[in-house]
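A closer look at the structure
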Amino acid sequence: MKKSLRFVGLGIILIMLVGCATMSMEWMNSFEVKKVISVPNKTKNDLYIATNLWAVDAFRKSDSVIEFSDKDAGVIKGKYIQDLGYNFWASYAKSSKYYSATVNNEVRLVITITSRDEEVEITLNNPTITSGWSISQDELRATCEMLIASLEKDLVEEISKK
């Protein structure tokens, strides 16, 4: 009888864990971060080359790839993969000094960069979480904004070179 109760209890716990792991996140269907970066006195061709070089440096994971690029249209499109670590204990305890349970979330985004004369438009959308725990929309938005800030910094440095 005790064994039966243990199995029932274990089964309920497992069902609850699976239920938490498969929660749908409606916001992911409409998630998009877009920014137009003004780059005075730069041609579409200059900006295309600069953004392509930036993408090579920014895409640190081997699965992050540029899947389409058209120099004439000034378009670069690909998949960007970002790991977002989440320390389970830090969210529940004041100090995670003695306990650590870090879960890595791998988030895949579609990245589109369009270069035009004197401006670059970057769009990040269609996120999917391929492993780990669920993440919030704010966490993902902050990650996207850091990536965009990195591109903007590179383009500003490109301006100051010449």
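Residues numbered from 1 in each chain as written. Predicted model: local features only at pLDDT ≥ 70, side-chain atom pairs only at ≥ 80, totals over all residues. Heavy atoms only, no water.

Concerning the nonpolar core
Selection rule: Among the buried residues, those of types Ala, Val, Leu, Ile, Met, Phe, Trp, Tyr and Cys that are joined through side-chain atoms within 4.5 Å form a nonpolar core. Only protein chains enter the accessibility calculation, which uses a 1.4 Å probe; a residue whose area is less than 20% of its type maximum is buried, one above 50% is exposed, and one in between is partly exposed. Helix and strand assignments follow DSSP, with helices taken as H or I runs no shorter than four residues and strands as E runs no shorter than two, numbered in order from the N terminus. Note on contacts: a residue pair is in contact if any heavy atoms of the two residues lie within 4.5 Å.
Core analysis: the largest hydrophobic core is formed by 30 residues, its most contacted members being Trp54, Leu109, Ile111, Leu140 and Leu155. Among the elements of the structure, helix H2 (27-30), strand S1 (32-38), helix H3 (44-58), strand S3 (75-87), strand S4 (102-116), strand S5 (119-131) and helix H5 (137-161) are those that each provide at least two residues to this core. With sequence-adjacent residues up to four places away left out, leucine 140 is seen in contact with Trp27, Phe31, Val107, Leu109, Pro127 and Ile135.

Looking at the environment of glutamate 152
With respect to the element layout, glutamate 152 can be found in helix H5. Sequence-wise, glutamate 152 and tryptophan 54 are 98 residues apart; in three dimensions their C-alpha atoms are separated by 9.9 Å. Ignoring anything within four residues of it in the chain, the contact list for glutamate 152 reads Lys35 and Ile37.

So, unusual backbone geometry
Phi is positive for asparagine 41, close to 65°, though the residue is something other than glycine. Positionally, asparagine 41 belongs in the loop between S1 and H3. Unusually for a residue other than glycine, glutamate 118 sits at a positive phi of about 65°. The residue glutamate 118 is located in the loop between S4 and S5 in this model.

Thoughts on the side chain of threonine 123
Mapped onto the secondary structure, threonine 123 falls in strand S5. Of the residues examined, threonine 123 reaches a relative accessible area of 8% and is grouped as buried. Setting aside residues no more than four positions away along its own chain, threonine 123 makes contact with Glu32, Val33, Lys34, Val110, Ile111 and Thr112.

Thoughts on the confidence of the model for the chain
Low pLDDT means the predicted coordinates in that region are not meant to be read closely. Filter applied, for reference: Per residue, pLDDT captures the predictor's confidence, and it can take any value from 0 to 100.
Mean pLDDT for the chain: 80, with 71% of residues reaching 70 or above. Per-element averaging of pLDDT across the chain places helix H4 (residues 88-92) at the bottom with 51 and S1 at the top with 96.

Remarks on H3
Note that an α-helix has 3.6 residues per turn; residues three or four places apart therefore point the same way. What counts here: Take the number of residues in a helix, subtract one, and multiply by 1.5 Å to get its expected span.
Over its 15 residues, H3 extends 20 Å from the first C-alpha to the last, a length consistent with the 21 Å expected when each residue adds 1.5 Å. For H3, the full list of buried residues reads Leu47, Tyr48, Ala50, Thr51, Trp54, Ala55 and Ala58.

As for the side chain of serine 115
Heads up, the condition is: Polar contact is the term for a pair of N or O atoms within 3.5 Å; when the atoms are in protein, one must be able to donate a hydrogen and the other to accept it, and sequence-neighboring residues count only if both atoms are side-chain atoms.
Turning to its location among the elements, serine 115 is positioned in strand S4. Of the polar contacts made by the side chain of serine 115, one reaches the backbone nitrogen of tyrosine 48; its length is 3.5 Å.

Describing the packing of H3 against H5
For clarity, the cut-off: Axis definition: a line fitted to C-alpha atoms, limited for helices to the stretch in contact. Angles are taken between N-to-C directions and run from 0 to 180 degrees. Comment on the angle field: the value is read as roughly parallel under 35 degrees, roughly antiparallel over 145, roughly perpendicular from 65 to 115, and oblique elsewhere. Crossing handedness follows the turn of the near helix against the far one: under a right angle anticlockwise gives a left-handed crossing, and clockwise gives a right-handed one. Throughout, the ten residues Ala, Val, Leu, Ile, Met, Phe, Trp, Tyr, Cys and Pro are labelled nonpolar, Asp, Glu, Lys and Arg are labelled charged, and all others, Gly among them, are labelled polar.
At a minimum axis separation of 10 Å, H3 and H5 run at an interaxial angle of 130°. It follows that H3 is oblique to H5 by the angle criterion. H3 and H5 meet at a crossing whose hand is right-handed. Every residue of H5 that contacts H3 at Leu47, Ala50, Thr51, Trp54 and Ala58 is listed here: Leu147, Ser150, Leu151, Asp154, Leu155 and Glu158. Looking at the contact of H3 with H5, its residues break down into seven nonpolar, two polar and two charged.

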